[in-house]
Structure formats: C-alpha cells, structure tokens
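What follows is each chain in one-letter form.
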Amino acid sequence: PDDADCHLWLGRAFGRKALEAGMLTGVRYAGRIREHFARAVELAPDAIEPRYDLNQFYILAPSVVGGGKAKARDNIAAFAQRRPAEAALLNAQLALAEERFDEAERLLLGFTPPAGVDERGLRSVWRDLLSSLGFTYFSRKPPRLADARRVFEFASTRFPKVELFLRGQGRVAQEEGRYEAAAALFEQALAIRPQPGAHYRLAQVAEKLGDTARAIVHYEKTLRSPQGVPGSVSRDAAERLRVLQRL
C-alpha cells in the first residue's frame, strides 16, 4: 500500500483496461486510475513519472470523472516547487495537449536532464514526449514534415538506441520521396529492434526503388512477425506480396 511504483503500475493497468473496454464502459475505471496515480504522487512527490501519468489522466479524462486541465496545472505547479528543471517536461506535456506546438518543442529540445535525478524515469518521460510531438507533426493535415524531421533527428541524438526515432525519420523521408534515405533509416531501425512496421515501410520503399526481391523479403517478414500487425497492414502486405510474386 505504501509503494509508489506499485500504485503507478496499478493505475496504468486500470488505464489499459479502460482503453480496452471503450469510452462508455471504461469510465467506470476512472476513479481507480486517478486514485492510484494520486497515491503514487503522494508517496513519491519528487518522481516525475507519477506526475506525468496523473497529468495524462487529468488531460484526457472528462471533468465529471475527475479530469481537467486546471488540475494538471496545479500538479505541475506543485512539482515545479520541488523539481523546477524537470517541471519543464510536464509543461511541454500540457502545451502539446493544448496544441501549443512551438512551446512544446522549445521546452523539449531545450531540455537538459539535471544531474543526480532518477535518470530512467526522467528519460522515459522525455522520450515519450519527443515521440508524441514528432508523430503529431507528422500526422497533421497537411503533415508538418520538416518539423517532424527536426524532432526525430534531435531525439535520435539523445536516444540513439531507440528505433522509434529512426522509423520516424524514415517515415518523413518516405513521404518526401527520399526513398534511398528512407530505406537506410528503416534498415538502421531494424538493426536495433526488428519491428513489423519497419519491415512494411521498407518493403514499400523497396518497391518505389524497383527492388522487387527486397520488397518481397520485407513483406514476408511483416506477415511472419510474432508481434501484432494491424489488419490493414496485413491485408496490404499480403496483397502486394501476391502482386510482386506474379511478376
């Protein structure tokens, strides 16, 4: 009952159950999610991860079940009194949620982890926010490709062993029609951690480059992946494989 990590992970577990249950049914878990995150903050007030997860609840949950951005601001203010440098990440989290993208980017790209803190938790929050910002830029209508590329390139310098940022750069290069660069980036990502999304995108750019054999190999690896593959990706990979194998 007095272990902050236990309450943090219980809150996350109930959060997953809420997402799986859907909006209407998932609301019934809101009280337990908020309770466990708040208890984790109470037990570990200087740790950023419980604050970050509690903020995410406040940002996403409707006020009727205890959410609200005003509460997120109060949470940030309380943390800033204890850990002012690290509070920049929570301010970036709120800025991102409110689509104040320039401010979020300024805070995230200008952040320097202070010495003598919980490096693992801090870097986890920083990594998640950089990913969210980069893919938010990428998914805008129209996509903000130059902005996404800048964030992913920065993130790769700070997290060189995280394949997600290489995949992000690859997706930007693919959308920009820089297929050779995209292929190289997807290969680098796969060298760190095989992932069906990278195999699928590499197969697509191999097709654009006229490398049918390479495309077939990576469509096959997409379909054989032990990890979950979205249905739309599986269907498209299977269809492209049938087409290419008839050539």
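Structure shown above.
Remember, it's a predicted structure, so these values are computed and weren't measured experimentally.

A. A look at the environment of Pro194. Structurally, Pro194 can be placed in the loop between helix H11 (179-192) and helix H12 (196-208). Taking the relative accessible area as the measure of exposure, Pro194 reaches 52% and is therefore exposed. Along the chain, Pro194 and Glu163 lie 31 residues apart, while their C-alpha atoms are 9.0 Å from each other.

B. Geometry of the nonpolar core. In this structure, Leu89, Leu108, Trp126 and Leu130 are the most contacted members of the largest nonpolar core, which totals 50 residues. Once residues lying within four places of it in the same chain are set aside, the contact partners of Leu89 are Ile48, Leu108, Phe111, Leu122, Val125, Trp126 and Leu129. The next biggest cluster of nonpolar side chains, apart from the first, holds 11 residues, and it includes Leu166, Ala182, Phe186 and Ala198.

C. Examining the pattern of salt bridges more closely. The tally for this structure, following the rule as stated, stands at 22 salt bridges. The salt bridge involving Arg150 is made with Asp147; its shortest N-O contact spans 2.6 Å. A residue pair is termed a helical-turn pair when its members lie 3 or 4 positions apart in one helix, as Arg150 and Asp147 do in helix H9 (residues 145-158) at 3 residues. By relative accessible area, Arg150 is classed as partly exposed at 36%. Each of Asp102, Glu105, Arg144, Asp147 and Arg150 takes part in one network of salt bridges that share partners.

D. Expanded view of the environment of Phe57. Tracing the backbone through its elements, the reader meets Phe57 in helix H4 (residues 48-60). Residue classification places Phe57 among the buried positions, given a relative accessible area of 8%. Phe57 sits 178 residues away from Arg235 along the chain, and the two C-alpha atoms are 35 Å apart.

E. Summary view of the packing of helix H3 (residues 30-43) against H4. Where H3 contacts H4, the axes come no closer than 8 Å and their chain directions differ by 150°. The orientation of H3 relative to H4 falls into the category roughly antiparallel. With respect to the hand of their crossing, H3 and H4 are arranged in left-handed fashion. Packed against H3, whose contacting residues are Ala30, Ile33, Arg34, Phe37, Ala38, Ala40 and Val41, the element H4 presents Pro50, Arg51, Asp53, Leu54 and Phe57 at the interface. Taken together, the residues that form the contact of H3 with H4 break down as 9 nonpolar, no polar and 3 charged.

F. Helix H5 (residues 69-82), seen in detail. The end-to-end C-alpha distance of H5 is 20 Å, a good match for the 20 Å that 14 residues give at a rise of 1.5 Å each. Taken residue by residue, H5 has Ala72, Asn75, Ile76 and Phe79 as its buried positions. All buried residues of H5 lie within an arc of 100° about the axis, which places them on one face of the element. Residues of H5 that are exposed and point over 90 degrees away from its buried face: Ala70, Asp74 and Gln81. Packing partners of the buried residues in H5 comprise H4 and helix H6 (87-97).

G. Structural view of unusual backbone geometry. Note the cis peptide between Lys141 and Pro142, where omega equals -5°. Here Pro142 is to be found in the loop between helix H8 (119-139) and H9. A positive phi angle, near 60°, is found at Glu99, a position not held by glycine. Inspection of the secondary structure puts Glu99 in the loop between H6 and helix H7 (101-109).

H. Summary view of the environment of Arg127. With respect to the helices, strands and loops of the structure, Arg127 is situated in helix H8. The class of Arg127 is partly exposed, set by a relative accessible area of 28%. Along the chain, Arg127 and Val172 lie 45 residues apart, while their C-alpha atoms are 18 Å from each other. Contact partners of Arg127, with chain neighbours within four places excluded, come to Phe159, Val162 and Phe165.

I. Region of interest: the packing of H8 against H9. At a minimum axis distance of 7 Å, the contact between H8 and H9 shows a crossing angle of 160°. Between H8 and H9, the angle falls in the class roughly antiparallel. Here H8 and H9 pass one another in a crossing that is left-handed. Only Leu145, Asp147, Ala148, Val151, Phe152, Phe154, Ala155 and Arg158 of H9 make contact with H8, whose side of the interface consists of Arg123, Trp126, Leu130, Leu133, Gly134, Phe135, Tyr137 and Phe138. Tallied by class, the residues present in the contact of H8 with H9 amount to 12 nonpolar, 1 polar and 3 charged.

Parameters at a glance
- Residues numbered from 1 in each chain as written.
- Predicted model: local features only at pLDDT ≥ 70, side-chain atom pairs only at ≥ 80, totals over all residues.
- Heavy atoms only, no water.
- Helix = DSSP H or I, 4+ residues; strand = E, 2+ residues; numbered from the N terminus.
- Buried < 20%, exposed > 50% of the residue type's maximum accessible area, 1.4 Å probe, protein only.
- Core = buried A, V, L, I, M, F, W, Y, C linked by side-chain atoms within 4.5 Å.
- Contact = heavy atoms within 4.5 Å.
- Salt bridge = Lys/Arg side-chain N within 4 Å of Asp/Glu carboxyl O.
- Axes fitted to C-alpha atoms, helices over the stretch in contact; angles between N-to-C directions.
- Parallel < 35°, antiparallel > 145°, perpendicular 65-115°, else oblique.
- Left-handed = near helix turned anticlockwise from the far one by under 90°.
- Nonpolar A, V, L, I, M, F, W, Y, C, P; charged D, E, K, R; others polar.
- Expected span 1.5 Å × (residues − 1).
- Arc of directions from axis to C-beta.

Geometry only, nothing functional implied.
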